[in-house]
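# Topology and contacts: notes
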Amino acid sequence: MKNVIFADILRVSKKKSFIIMLILECLLIIFLTFGMLAAIESINNNPQITEKIPLDPTMTYMSTTAMMIGAVAPLLLGLPIFLAVFSDDFRSHAMQMAIGTGLSRTRLILARFIEVILLAIEVTVFMLIAAFISGLIQKMPMGVITDTIGMSLISLIPMICYLALCLIPVYGMQSTTLAMVMYILFTAGVPGTVLNAIRNGIPQIKDIHIEWILPEKLINDVAISGKYSLGWIVWIIVPVVYIIIPVWLATVIFKKKELEF
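Residues numbered from 1 in each chain as written. Predicted model: local features only at pLDDT ≥ 70, side-chain atom pairs only at ≥ 80, totals over all residues. Heavy atoms only, no water.

### Considering the overall build of the chain
Each helix and strand in the chain was counted, giving 13 helices and 0 strands. Taking the principal axes of the C-alpha coordinates as reference, the chain spans close to 70 × 50 × 35 Å. Burial analysis of the chain (261 residues in total) assigns 41% to the buried set. Of the contacts formed within the chain by residues at least 6 apart in sequence, a portion of 74% connects residues at least 24 apart. About 13,700 Å² of surface is accessible on the chain, with carbon and sulfur atoms providing 71% of the total. If you average the places of the 18 positive and of the 16 negative side-chain charges in the chain, the two averages end up 8 Å apart. (Helix = DSSP H or I, 4+ residues; strand = E, 2+ residues; numbered from the N terminus. Buried < 20%, exposed > 50% of the residue type's maximum accessible area, 1.4 Å probe, protein only. Contact = heavy atoms within 4.5 Å. Areas by Shrake-Rupley, 256 points an atom, 1.4 Å probe, with all protein chains shown as cover. Lys, Arg positive; Asp, Glu negative; His and termini not counted. Charge placed at Lys NZ, Arg CZ, Asp CG, Glu CD.)

Structure representation (structure tokens):
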């Protein structure tokens, strides 16, 4: 199984689409802050603008970097990982051949999921290097750079959670299209927007944080905020509910299904 994992990671890492998206994301991380600062300065220099926008390079660096790594990267880079690992499995009949050579379905799913985790870590490492370089270029204090990288690193967890959830339609229903749509909706923040709209639209549940069913909301609002004494439990709940259980369910369902190629 180890050889299968590393061979597939090497294959994905060499794909042109994957490399191009990774380079573009890293360049955006490095140069977006400069663009934001230039835009703010341009607005403030406009004599028609009476209310000036505060120009804070440190906050601009931290917010733009966190946005690119935490919000944009899971969609822009998680999707190529998804397509390269799961869609290619069906298109090339690699799954059928692997099972035909004696690899069990459980080990196949575990191998593919480990690939996804390792690729997500690979992508995140490159982006954090870009964030570090961006901070050095802008002469940010080392404490600011490390804090920004630490906050951005948390975004890796929801990306892995949503890729794990997608295993259920991929292997349980053998539908990469449905899984891809699910992943796009989750990483684009659509469920969070819908849940907030429901919560704000129904007075009876306004004080109930229904958006906490999403891993990124649970992590940010409960575990990281420090508002709750039992916030540490989130670090147990999230891996169990959003990673271990989906992988287990996908394995159980996949074992009972006929392969459809």
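### Topic: the side chain of Arg 199
Position of Arg 199 relative to the elements: it lies in helix α11 (residues 190-201). What Arg 199 contacts, discounting residues up to four positions off in sequence, is Ile 205, Lys 206, Ile 208, His 209, Ile 210 and Glu 211.

### Focus on the pattern of salt bridges
One pass over the full model with this rule turns up 1 salt bridge. Across the pair Glu 115 and Arg 112 runs a salt bridge, and its minimum N-O distance is 2.8 Å. Here the residue Glu 115 and the residue Arg 112 both occupy positions in helix α6 (residues 105-137), the gap between them amounting to 3 residues, near one helical turn. Judged by its relative accessible area of 0%, Glu 115 is buried. (Salt bridge = Lys/Arg side-chain N within 4 Å of Asp/Glu carboxyl O.)

### Here's the deal with the nonpolar core
Proteins that are soluble and globular tend to have nonpolar side chains buried together. Within the largest apolar cluster, 64 residues are counted, with the highest numbers of intra-cluster contacts made by Phe 86 and Leu 167. When residues in this core are grouped by element, the largest group, 12 residues, is from α6. Not counting chain neighbours up to four residues away, the residues in contact with Phe 86 comprise Arg 112, Val 116, Leu 167, Val 170, Tyr 171 and Thr 176. (Core = buried A, V, L, I, M, F, W, Y, C linked by side-chain atoms within 4.5 Å.)

### So, the packing of aromatic side chains
Applying the stated criterion to the full structure yields 3 aromatic pairs. Ring centres of Phe 82 and Tyr 183 lie 6.4 Å apart, and the angle between their planes is 10 degrees; on these two criteria the pair is classed as stacked. Highlighted residues: Phe 82 in helix α4 (residues 78-91) and Tyr 183 in helix α10 (residues 176-187), separated in sequence by 101 residues. Side by side, Phe 82 and Tyr 183 carry an identical accessibility label, which is buried. The ring of Phe 254 carries the charged tip of Arg 105 above its face, separated from the ring centre by 4.9 Å. (Phe/Tyr/Trp six-rings, centres within 6.5 Å; stacked < 30°, edge-to-face > 60°. Lys NZ or Arg CZ within 6 Å of the ring centre and 35° of its normal.)

### Section: unusual backbone geometry
Among all residues except glycine, the phi angle is most often negative; among peptide bonds, the trans geometry is most common. In this structure, Lys 139 takes a positive phi of about 60 degrees despite not being glycine. Locating Lys 139 in the fold gives a position in the loop between α6 and α7 (142-153). Exposure remark for Lys 139: the relative accessible area of 75% places this residue in the exposed category.

### What to know about the packing of helix α8 (residues 156-165) against α10
Following both chains from N to C, one finds α8 and α10 inclined at 155 degrees, their axes separated by 9 Å at the closest point. Viewed along their axes, α8 and α10 adopt a mutual orientation that is roughly antiparallel. α10 is crossed by α8, and the crossing has right-handed handedness. Residue-level inspection shows Met 159, Tyr 162, Leu 163 and Leu 165 of α8 in contact with α10, the latter providing Met 182, Tyr 183, Phe 186 and Thr 187. (Axes fitted to C-alpha atoms, helices over the stretch in contact; angles between N-to-C directions. Parallel < 35°, antiparallel > 145°, perpendicular 65-115°, else oblique. Left-handed = near helix turned anticlockwise from the far one by under 90°.)

### Describing the packing of helix α3 (residues 57-76) against α10
When two helices pack together, their arrangement is captured by the angle between the axes and the distance separating the axes. With their axes 9 Å apart at the nearest point, α3 and α10 run at an angle of 170 degrees to one another. Considered as vectors, α3 and α10 are oriented roughly antiparallel to each other. When the axes of α3 and α10 are compared, the crossing they make is left-handed. Residues Ala 71, Pro 74 and Leu 75 of α3 touch α10, and the partners they reach there are Tyr 183, Ile 184 and Thr 187. Across the contact of α3 with α10, the residue classes tally to 5 nonpolar, 1 polar and no charged. (Nonpolar A, V, L, I, M, F, W, Y, C, P; charged D, E, K, R; others polar.)

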